[in-house]
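Listed here are the chains, written in short residue letters.
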Amino acid sequence: MNNLQMQIFQDFVLTKNQTGNNIISAFTHKKKILHDVLVSNVLDDDDDDDDDDDDDILLNYRQTKSKILNFVETTVVSFSDCEFKAHFRLSRTTIEILLQHLSLPLERYKMKIPADKQVLVFVWYMANCETHRQIGNRFDIAESTSYTIVIHCLTEMNNLSENFIQWPTNHKAQTVVQKFNSLRGEHSFPGVFGAINGCHISILAPWEKRTKMPKLNRTMFYNRKQVPTVLLQGIVDRDLKFIDCFAGWPGSSHDARVFRRSIIGEKLLSQPCVILPPGCHILGDGAYPLTSTLMVPFKDNGHLSDNQLKFNKFRKLKHMDIYHKENCSKVITAACCLHNLCIDNSDDFNLTEAYTSEMEDGNHHEDDSLSGNVKRQELCQQLSLIL
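Scoring rules and cut-offs
Residues numbered from 1 in each chain as written. Predicted model: local features only at pLDDT ≥ 70, side-chain atom pairs only at ≥ 80, totals over all residues. Heavy atoms only, no water. Helix = DSSP H or I, 4+ residues; strand = E, 2+ residues; numbered from the N terminus. Buried < 20%, exposed > 50% of the residue type's maximum accessible area, 1.4 Å probe, protein only. Areas by Shrake-Rupley, 256 points an atom, 1.4 Å probe, with all protein chains shown as cover. Phe/Tyr/Trp six-rings, centres within 6.5 Å; stacked < 30°, edge-to-face > 60°. Expected span 1.5 Å × (residues − 1). Contact = heavy atoms within 4.5 Å. Patch = residues over 30% accessible without salt bridge, like charges linked within 9 Å, V, L, I, M, F, W, Y side chains within 5 Å. Salt bridge = Lys/Arg side-chain N within 4 Å of Asp/Glu carboxyl O. Lys, Arg positive; Asp, Glu negative; His and termini not counted. Charge placed at Lys NZ, Arg CZ, Asp CG, Glu CD. pLDDT = per-residue confidence, 0-100. Pairing = 2+ DSSP bridges. Axes fitted to C-alpha atoms, helices over the stretch in contact; angles between N-to-C directions. Parallel < 35°, antiparallel > 145°, perpendicular 65-115°, else oblique. Nonpolar A, V, L, I, M, F, W, Y, C, P; charged D, E, K, R; others polar.

A. The overall build of the protein chain, seen in detail. The helix and strand tally for the protein chain stands at 16 helices and 5 strands. Taking all 387 residues of the protein chain together, 41% fall into the buried category. Per element, the accessible surface of the protein chain, about 22,800 Å² overall, is 53% carbon and sulfur.

Printed below as a string of structure tokens:
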């Protein structure tokens, strides 16, 4: 390094150090001014207060300045039914029923916060895109307490999921088939027991620094549209209630693979007679394999017959989207439980989400079984006689 380079380097170091010192000095000065103003205001309010009281106010100022006092006890109580549902997405009646399910399981955690407030915190978390810091400020609890409440409620909702999401059997199974048969009268698709579809739920991409978590392959969470997601596989009945859900697989997984690895998929492929009434089947889109228990549309290559086009009309499925970066499967399962709870209690909600099937995006599954093809052709001929 020659003399000129050495001089330039020294000037750079001196300038950088001076700039840093100026910033630190300015910050320290402003912090002192803020402290003096707070002390002056507190002491001027009541000169007769003890010094200990002044110290307590100063110590608690940071913790209490942004919290909403009595939000549950005063504000929520004053909500009209319409306002309440607009904020919590559930009616008061539905939340009371949810409380009946969760109050006893939540007692084992021995938290000082009442169970009804814990349930409100949990439902608010599920219904709104707010951080635990925001929820803590709103409900006048610590950020860590908000996180703990949500984790407890998610855990118990998943433990109780079989109470909310049930596969129909016996008389209920026959009722499900009858409801599908009455959907369009004599033009209904025959033998339908349920409708299946996969839903991509957006998440934050896994971060690189994982000191406490096991390392994950980031690429496996990116779907073919290069969006980080996890998958929800849902099967619904005629009333749009979930009768099965399977959640948490990385977004790069194909719907057909998720189906084969799910518990209900294994049963439908290996033991269909155990869980389906005779002659019945599930309806899915082209992303799923064609079997005798899972009917999918004909692949539209531009040369479908009129009968095959009529067959393809019966493939529209409903789905729901939620967002979370961790504990995804628990959140999704809890959301499905709340979905069913709303339907059971006639708690109306919006079902206008846009639908896009995997087949429409060009991701058609080709591994069709011979028995599935035979059954689909029979159904196609049957539909041609009534449509």
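B. Quick look at unusual backbone geometry. Phi at Asn-70 takes a positive value of approximately 60°, unusual for a residue other than glycine. Locating Asn-70 in the fold gives a position in the loop between helix H2 (51-64) and helix H3 (71-78). Here the phi dihedral of Arg-89 falls at roughly 65°; this positive angle occurs in a residue that is not glycine. Here Arg-89 shows up in the loop between helix H4 (81-88) and helix H5 (92-107).

C. Geometry of the packing of aromatic side chains. Across all of its chains, the model carries 8 aromatic pairs by this definition. Seen in terms of ring centroids, Trp-167 and Phe-193 are 5.3 Å apart; in terms of plane orientation they differ by 40°. Their pairing is tilted. Residue Trp-167 is found in the loop between helix H9 (161-164) and helix H10 (170-181), and its partner Phe-193 is found in strand E1 (residues 192-202); the two are separated by 26 residues along the sequence. What makes Phe-193 buried here is its relative accessible area of 0%.

D. Just helix H8 (residues 143-159), in detail. Its 17 residues place the ends of H8 25 Å apart at the C-alpha level, agreeing with the 24 Å of an ideal helix rising 1.5 Å per residue. Inspection of H8 places Thr-145, Ser-146, Ile-149, Val-150, His-152, Cys-153, Leu-154, Glu-156 and Met-157 among the buried residues, and these make up the whole buried set. In this fold, the buried residues of H8 make contact with H5, helix H6 (115-127), helix H7 (132-139), H9 and helix H15 (328-344).

E. Structural detail: a negative patch on the surface. A grouping of Glu-73, Glu-96, Asp-116 and Asp-140 is seen on the molecular surface, where their side chains present a negatively charged patch. Within the secondary structure layout, Glu-73 lies in helix H3. Overall, the relative accessible area of 47% leaves Glu-73 in the partly exposed class.

F. Spatial organisation of the confidence of the model for the protein chain. Looking at the protein chain, the pLDDT average stands at 77 and 64% of residues meet or exceed 70. Counting contacts from residues 351-362, a segment whose pLDDT is below 50, to residues more than four positions away or on other chains yields 26 contacts.

G. Fine view of the environment of Met-126. In this structure, Met-126 sits in helix H6. Considered as a pair, Met-126 and Leu-154 are 28 residues apart in the sequence and their alpha carbons are 9.9 Å apart. Residues within four places of Met-126 in sequence aside, it is in contact with Leu-154, Val-331, Ala-334, Ala-335 and Leu-338.

H. Layout of the sheet that holds strand E3 (residues 242-250). Strand order in the open sheet formed by 5 strands is E3-E2-E1-E4-E5, with mixed pairing between adjacent strands. Bordering the open sheet on either side are E3 and strand E5 (294-295), each of which pairs with just one other strand. One ladder, built from 3 bridges, connects E1 with strand E4 (residues 281-283); its direction is parallel. Among the inter-strand pairings, Ala-195 is bridged to a residue of E4, identified as Leu-283. Relative to E3, H15 is tilted by about 160°, and along the sheet it contacts E1, strand E2 (229-236) and E3.

I. Molecular detail of the pattern of salt bridges. Counting across every chain of the model gives 7 salt bridges. A salt bridge links Glu-130 to Arg-138; the nearest nitrogen and oxygen atoms lie 3.0 Å apart. Here Arg-138 falls in the partly exposed class, since its relative accessible area comes to 22%.

J. Expanded view of the packing of H6 against H8. Between H6 and H8, whose axes approach to 9 Å, the crossing angle comes to 85°. Classed by the angle they form, the pair H6 and H8 counts as roughly perpendicular. Counting all contacts with H6, which are made through Gln-118, Val-121, Phe-122, Tyr-125 and Met-126, the residues of H8 involved are Ser-146, Ile-149, Val-150, Cys-153, Leu-154 and Met-157. Looking at the contact of H6 with H8, its residues break down into 9 nonpolar, 2 polar and no charged.

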